[in-house]
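Residue strings, one per chain:
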Amino acid sequence: ADADGNVYFSDGKNDSIYVYRVGQGVELFTSDSTDANGMMFNSKGELYVCEGAARRIVAIDVKTKKKRILADSFQGTAFNEPNDLTIDHNDGFYFTDPNYRHRGQPTLMKEDVYYVAADGTVSRVSQVCIKPNGILLTPDNKTLYLADNTAGLIYRYDVAGPGQLTQEKNWIELGAHPDGLTLDEFGNLYVACGRSGVKVYAKNGDFLGTIELPYASNCVFGGKDFRTLFVTSADKFYSIETKVRGMLPPVLQK
C-alpha cells in the first residue's frame with residue numbers, strides 16, 4: 001500500500017502490476033514487470049518489486065514508470081527467483097530468494113534470505129529455510145518475521161541493526177504453507193496460507209483464528225485509514241473491512 005492507502009498487487013504470470021485506488025477501483029499500473037511478485041513502497045514513494053524470473057529486485061517510479069535495478073546477484077551469481085521483500089527505515093531491504101521455477105529457470109544457489117543496504121551492498125542474512133517466502137519487518141524495525149513455505153514455519157528474529165539478524169527462533173508451526181505476511185496495530189501477525197486462508201497470531205505467538213478464503217497468497221492493510229485487509233487469491237482480489245488498523249507503509253512509520 002502507498003501513503004494514501006492505495007494497494008498495488010501483482011499478476012506475475014502476465015508480468016503485470018495492478019493498483020486498487022481508494023474509492024475508484026482497480027486499474028492496470030504496468031504490464032512491464034517480469035514475473036512481478038512481492039512489493040513495498042520505500043520512504044521516498046518508490047515501489048520496490050521482486051521480479052522473480054528476471055532474478056532481480058527493481059525500484060519503479062510510480063509517476064514515470066521508469067525502473068532501476070536494486071540487486072540482481074550475490075557474489076557473482078544471479079538470484080534464483082526473488083519472491084518477497086520488506087523495507088527498513090534506511091530504505092535498505094530484506095528479501096527471500098526461493099525458486100518456484102515460474103519460467104523453468106534452474107536453481108543457481110541455496111534458497112536463502114538477503115539484505116540489500118541503501119548503498120546497494122548485498123549480504124546473506126539467513127540460511128535456515130527450505131523455501132523462504134513471506135518476510136516482514138515490524139514498524140519499529142526491531143523484529144523480522146520469515147515464512148518457510150515448504151516447512152510450514154514462521155521464524156522470528158531480533159534485528160540488531162540494518163542487515164543484522166540475531167536470536168533466531170522457530171516461532172510458529174502453522175500446519176499450512178505460508179506465503180505473504182502483514183501486521184495490525186496491535187502487532188498481530190496475519191499469514192496468507194494458500195488454501196488454508198489467512199491465519200492470525202498474537203504478538204506472543206498464540207493462534208487467534210483463521211479468515212477463511214478459497215485461497216490466500218498475500219495480504220496487506222490499506223484503504224481509508226488502513227482499516228481494510230486486502231488479500232490476493234489466485235485470480236481474485238478480496239477486501240475485508242476490519243475493526244483494527246493495519247501496519248502503515250514505511251513512508252508513514254517515521
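Quantities reported herein were computed from a predicted structural model and do not represent experimental measurements.

S.K.: Sorry if this is basic, but what is going on with empty space enclosed by the protein here?
M.R.: Summary: where empty space remains is shown by rolling a probe the size of a single water molecule over the atoms. Evaluated as defined, the whole model comprises one cavity of 30 Å³ or more. Here the largest cavity defines a volume of roughly 30 Å³. Of all the secondary-structure elements, those providing two or more residues to the lining of the largest cavity are β10 (85-87) and α1 (250-253). Along the lines of polarity and charge, the residues of the lining of the largest cavity split into six nonpolar, four polar and no charged.

S.K.: I keep staring at the environment of Asn-218 and nothing clicks. Help me out?
M.R.: Looking at the secondary structure, you find Asn-218 in strand β22 (residues 218-222). Residue class for Asn-218 comes out partly exposed when judged on its relative accessible area of 21%. Those residues in contact with Asn-218 that lie beyond four places of it in its chain are Gly-180, Leu-181, Ala-192, Phe-230, Val-231 and Thr-232.

S.K.: How should I be thinking about the side chain of Lys-131 in this particular structure?
M.R.: Position of Lys-131 among the secondary structure elements: in the loop between β13 (122-126) and β14 (132-137). From its side chain, Lys-131 meets the backbone oxygen of Asn-99 in a polar contact 2.9 Å long. If we skip the residues at most four places from it in the chain, Lys-131 touches Pro-98, Asn-99, Tyr-100, Glu-111, Ala-147, Asp-148, Asn-149 and Thr-150.

S.K.: Even after reading the chapter, I still don't get the sheet that holds strand β2 (residues 16-21), so can you show me in this structure?
M.R.: Sheet strands line up and pair through hydrogen bonds in the backbone, either parallel or antiparallel. Overall, antiparallel pairing links the three strands, which are arranged β1-β2-β3 in an open sheet. Strands at the two margins of the open sheet, each flanked by one partner only, are β1 (7-11) and β3 (25-30). On average, adjacent strands in this sheet sit at an angle of 30 degrees to one another, irrespective of strand direction. Bridge count between β1 and β2: five bridges; the pairing is antiparallel. In the strand pairing of β2, Val-7 is matched with Tyr-20.

S.K.: Teacher, can you tell me more about the pattern of salt bridges here?
M.R.: It is possible for side chains bearing opposite charge to pair when their charged atoms get close. Inspection of every chain in the model, using the stated rule, returns 11 salt bridges. For Arg-68, the salt bridge is made with Glu-46, and the minimal N-O distance between the two is 2.9 Å. Of the two residues, Arg-68 is situated in strand β7 (residues 67-71) and Glu-46 in the loop between β4 (36-41) and β5 (47-51); the sequence distance between them amounts to 22 residues. Assessed through its relative accessible area of 17%, Glu-46 is described here as buried.

What counts and how
- Residues numbered from 1 in each chain as written.
- Predicted model: local features only at pLDDT ≥ 70, side-chain atom pairs only at ≥ 80, totals over all residues.
- Heavy atoms only, no water.
- 1 Å grid on protein atoms, 1.4 Å probe; cavity = no way out; pocket = protein on both sides within 12 Å on 5 of 7 lines; lining within 4 Å.
- Points joined across faces, edges and corners; volume = space filled by probe spheres on them.
- Helix = DSSP H or I, 4+ residues; strand = E, 2+ residues; numbered from the N terminus.
- Nonpolar A, V, L, I, M, F, W, Y, C, P; charged D, E, K, R; others polar.
- Buried < 20%, exposed > 50% of the residue type's maximum accessible area, 1.4 Å probe, protein only.
- Contact = heavy atoms within 4.5 Å.
- Polar contact = N/O pair within 3.5 Å; in protein donor to acceptor, adjacent residues only side chain to side chain.
- Pairing = 2+ DSSP bridges.
- Axes fitted to C-alpha atoms, helices over the stretch in contact; angles between N-to-C directions.
- Salt bridge = Lys/Arg side-chain N within 4 Å of Asp/Glu carboxyl O.

These results come straight from atomic positions and should not be treated as a statement about function.
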